[in-house]
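Fold and contact review
Residue strings, one per chain:
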Amino acid sequence: MKYVLVSVAAILLVVACSRRDPALVREAQAFIDQYTAQYLELQYVSAEAEWQSNTRIIEGDTTNAARTNRANESLAAFTGSVNNIAQAQKYLQSKGALEPLQVKQLEAILYAAANNPATVADLVKERIAAETAQVEALYGFDFQLDGQTVSTNHLDQLLWESDDINERRAAWEASKEVGRGLKAGLGNLVRLRNATVQSLGYSDYFQYQVSDYGLTTAEMIELMDKFNRELRPLYRELHTYFRFHLAQKYGEPVPDLLPAHWLPNRWGQDWTQLVKVEGLDLDAALAGRDPEWLVRQAERFYISLGYSALPESFYELSSLYPLPAGATYKKNNHASAWHMDLENDIRSLMSVEPNASWYETTHHELGHIYYFMAYTNPDVPPLLRDGANRGYHEAIGSLMGLAAMQQPFVESIGLIEAGAPVDRIQTLLKEALNYVVFIPWSCGVMTYFEHDLYAQPLPGEQYNRRWWDLKARFQGIAPPAQRGEEYCDAASKTHINNDAAQYYDYAISNILLFQLHDHIATEILGQDPHATNYFGSREVGDFLWSILETGAAADWRTLLKEKTGEDMSARAMLAYFQPLLQWLQEQNLGREHTLPEL
């Protein structure tokens, strides 16, 4: 039987090859090569302009905005040109006669064109200007607390540490003031983004973004609903446990919905600061460290897996630390990784401080950087130098963040004493407050809000009401007091403005990371998934590199099945947190669950 299968495969291969048209292959490749060369040149200019707009924001100075607009307009005019669209469509009509990698590149060309079609050049130009203005308004905003200018890091610190309920509320409300001035711009962006992609046949911008996965809008929503349903029992127990715990801490009656300012994150997406694990207190271990140590330590982790050191240009060109006191400009404080030229210019934008949150973030962001480095190779054309899907990029970063927080790992690098007694349940609880709490936020609130924003589209006078309806439904969270439509609390989240309609990427990444981690722990290291140490394992490094180096040249479903033996599933994540679910159920005996049913 084996030989029959091989013979059939060989016949199919011969048939497939016989369908290739050598002349058409050469012609299509000439177009792709010409397109790629011009794209790389324009894309790099655009990336440099965007970098300046994110790292040097000067109130009242329009220089960066003008430069960014010009660069993005030039890139948009090229990617969306009528000729490029026509050429790509022409060759794709005969895709059976082309090489598979050529088909993928042509599809990537058309996907890029849909966001910038020259058939609606004025709309594209208007959208680019609106996006630039929105980013500058978001990151140039003057956050104030008690009449004093403060950083978002300062507001975060108060929400992490303050026991004063009034101070917490003031910090939370201060963090949301930025949304007021962004509401009109958001509505304008929805209009422009929808109109732009509709010209090439997409119903709306949300559908356009989802199509990058090869899924329909309905399929993506169903996938998010599936993850939410699977993890709902665990999240319900967490929600109940902390309703009672925080009510006792703040001396308040137990609420049905968690007040937003009781939680240690501006959006309620990460509650890890609610738990300190004795013996594994990384905040204490990192206090006083130079912020550069955190970045260099993250690099040492990747080097230990067999990867090369980062180029010195990474440290020279990145913006890794908070601006010094008295700086005359602002920067985007949201951590991100940048592949500037799709070659060797790789950078990160962070504001690293010596605490556990930034320790994890440095490992996460360098995961993106090493992904860039892995798929920058001759076998992956520049147009396919991206993750297998967008969620893979986040999954790799989050996977390395998780690995770097586990006890055997932090012991091995000397952050905590070897053999220190650590409560496993409390460790699991802290991890769940990161990964499990994130599911209703990402699969529910963000995905549904952006779907409604673009697919309905949601009227501006309903933004805040819908936002808080979704917050209540999925997260069981309520604002400190009624929030009217003069606010736009959703717009305080950066992704709503400048990374729109793709937050499900992060949900998918959380699911994928536990699948990858489970495989590494059980199949490669032979360790308990709750207590692993990747540090120094070249076998782990080789496994991950085999995923990274293919970029978007491989089908994401096939890649996952080949590497882990299973399709995308929450199985590994549910298994990981099963001991915690049992513990929480015991703690919550006799307590009423008030989290709304989905």
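The structure under discussion appears in the preceding block.
Anyway, here's the lowdown on the structure attached to this text. (Residues numbered from 1 in each chain as written. Predicted model: local features only at pLDDT ≥ 70, side-chain atom pairs only at ≥ 80, totals over all residues. Heavy atoms only, no water.)

1. Quick word on the overall build of the chain
- From N to C terminus, the chain includes 26 helices and six strands.
- Against the compact-globule benchmark of 25 Å for 598 residues, the chain has a radius of gyration of 24 Å, which places it among compact chains.
- Taken along its principal axes, the extent of the C-alpha atoms in the chain is 75 × 60 × 50 Å.
- Here the chain holds 598 residues, and 58% of them are scored as buried.
- Relative to all contacts within the chain whose residues are 6 or more apart in sequence, the contacts with residues 24 or more apart total 78%.
- Of the roughly 24,100 Å² that the chain leaves accessible, carbon and sulfur atoms contribute 51%. (Helix = DSSP H or I, 4+ residues; strand = E, 2+ residues; numbered from the N terminus. Rg over C-alpha atoms; globule rule 2.2 N^0.38 Å. Buried < 20%, exposed > 50% of the residue type's maximum accessible area, 1.4 Å probe, protein only. Contact = heavy atoms within 4.5 Å. Areas by Shrake-Rupley, 256 points an atom, 1.4 Å probe, with all protein chains shown as cover.)

2. Description of the packing of aromatic side chains
- In this structure the tally under the stated criterion is 40 aromatic pairs.
- For the pair W172 and W468, a centre-to-centre distance of 6.0 Å together with 55° between the ring planes defines the contact as tilted. Separated by 296 residues along the polypeptide, W172 in helix α8 (residues 165–176) and W468 in helix α20 (residues 463–475) bring together distant segments of the chain. Neither W172 nor W468 differs from the other in exposure class; each is buried.
- A centroid spacing of 6.1 Å and a plane angle of 80° characterise the contact between F242 and W271, whose relative ring orientation is edge-to-face. Of this pair, F242 sits in helix α11 (residues 217–250) while W271 sits in the loop between β3 (258–259) and α12 (282–286), placing them 29 residues apart in sequence. (Phe/Tyr/Trp six-rings, centres within 6.5 Å; stacked < 30°, edge-to-face > 60°.)

3. So, the packing of helix α6 (residues 121–139) against helix α9 (residues 178–198)
- Contact geometry for α6 and α9: axes closest at 9 Å, N-to-C directions at 155°. The orientation of α6 relative to α9 falls into the category roughly antiparallel. Remark: the crossing between α6 and α9 carries left-handed chirality. Contact with α6, carried on its side by L123, V124, E126, R127, A130, E131, Q134, A137 and L138, involves V178, L182, G185, L186, N188, L189, R191, L192, R193, A195 and T196 of α9 and no other residues of that element.
- Across the contact of α6 with α9, the residue classes break down as 11 nonpolar, four polar and five charged. (Axes fitted to C-alpha atoms, helices over the stretch in contact; angles between N-to-C directions. Parallel < 35°, antiparallel > 145°, perpendicular 65-115°, else oblique. Left-handed = near helix turned anticlockwise from the far one by under 90°. Nonpolar A, V, L, I, M, F, W, Y, C, P; charged D, E, K, R; others polar.)

4. Observations concerning helix α15 (residues 356–375)
- The terminal C-alpha atoms of α15 lie 29 Å apart, and with 20 residues this matches the ideal 28 Å at 1.5 Å per residue to within 8%.
- Across the 20 residues that make up α15, a large majority, 19, are buried.
- Capping of α15 at its N-terminal end is provided by N355; its side-chain oxygen lies 3.2 Å from the backbone amide nitrogen of S357. (Expected span 1.5 Å × (residues − 1). Polar contact = N/O pair within 3.5 Å; in protein donor to acceptor, adjacent residues only side chain to side chain.)

5. Some remarks on the side chain of T272
- Mapped onto the elements of the fold, T272 is located in the loop between β3 and α12.
- There is a polar contact of 2.9 Å between the side chain of T272 and the side chain of D270.

6. A closer look at the nonpolar core
- F242, Y359 and F577 are the most contacted members of the largest nonpolar core, which totals 162 residues.
- In terms of residue count, α11 provides more of this core than any other element does, 14 residues in total. (Core = buried A, V, L, I, M, F, W, Y, C linked by side-chain atoms within 4.5 Å.)

7. Observations regarding empty space enclosed by the protein
- Within the structure shown, the criterion is met by three cavities of 30 Å³ or more.
- Reported here for the largest cavity is a volume of approximately 40 Å³.
- Forming the boundary of the largest cavity are W172, K176, A260, L263, N265, R266, W267, G268, W467, W468, K471 and I477.
- When residues in the lining of the largest cavity are grouped by element, the largest group, three residues, is from α20. (1 Å grid on protein atoms, 1.4 Å probe; cavity = no way out; pocket = protein on both sides within 12 Å on 5 of 7 lines; lining within 4 Å. Points joined across faces, edges and corners; volume = space filled by probe spheres on them.)

8. As for the environment of L402
- If you trace the backbone, L402 turns up in helix α16 (residues 390–405).
- Between the alpha carbons of L402 and Y435 there is a distance of 9.4 Å; along the sequence they are 33 residues apart.
- When neighbours within four sequence positions are excluded, L402 is seen to be in contact with E360, E431, Y435, L513, F514, H517 and Y576.

9. Observations regarding unusual backbone geometry
- The amide bond that connects Q456 to the next residue, P457, takes the cis arrangement and shows omega of -20°.
- Tracing the backbone shows P457 in the loop between α19 (438–455) and α20.
- Phi at D146 is positive, roughly 55°, even though this residue is not glycine.
- Tracing the sequence through the fold places D146 in the loop between β1 (144–145) and β2 (148–149).
- The exposure class assigned to D146 is exposed, which follows from its relative accessible area of 73%.
- At L342, a position not held by glycine, the phi torsion is positive, near 60°.
- Structurally, L342 is set in the loop between β4 (336–339) and β5 (346–349).
- With relative accessibility at 10%, the residue L342 sits in the buried group.

10. Structural notes on the pairing of β4
- Alignment of β4 against β5, held across four bridges, turns out to be antiparallel. By the bridge assignment for β5, A337 is matched with S348. (Pairing = 2+ DSSP bridges.)

11. Topic: the layout of surface pockets
- Here the second largest pocket defines a volume of roughly 250 Å³.
- As for the second largest pocket, its lining consists of 18 residues, of which W160, E161, Q273, K276 and D283 are closest to the centre.
- Sorting the residues of the lining of the second largest pocket by element identifies α7 (152–161) and α11 as the ones contributing at least two each.
- The element that contributes the greatest number of residues to the lining of the second largest pocket is α7, accounting for four residues.

12. A look at the pairing of β5
- In β5, alternate side chains face the same way, and those of I346 and S348 on one face and R347 and L349 on the other are all buried.
- Counted between consecutive antiparallel strands, the loop separating β4 from β5 contains six residues, among which L342 sits at a positive phi close to 60°.

13. Some remarks on the packing of α16 against helix α22 (residues 504–525)
- The interhelical angle for the contact between α16 and α22, taken along N-to-C directions, is 55°, at an axis separation of 7 Å. Accordingly, the angle class assigned to the pair α16 and α22 is oblique. Once α16 is placed against α22, the crossing between them reads as right-handed. Touching R390, G391, Y392, E394, A395, I396, S398, L399 and L402 of α16 are Y504, D505, Y506, I508, S509, N510, L512, L513, F514, L516, H517 and I520, all from α22.
- Broken down by class, the residue content of the contact of α16 with α22 amounts to 13 nonpolar, five polar and three charged.

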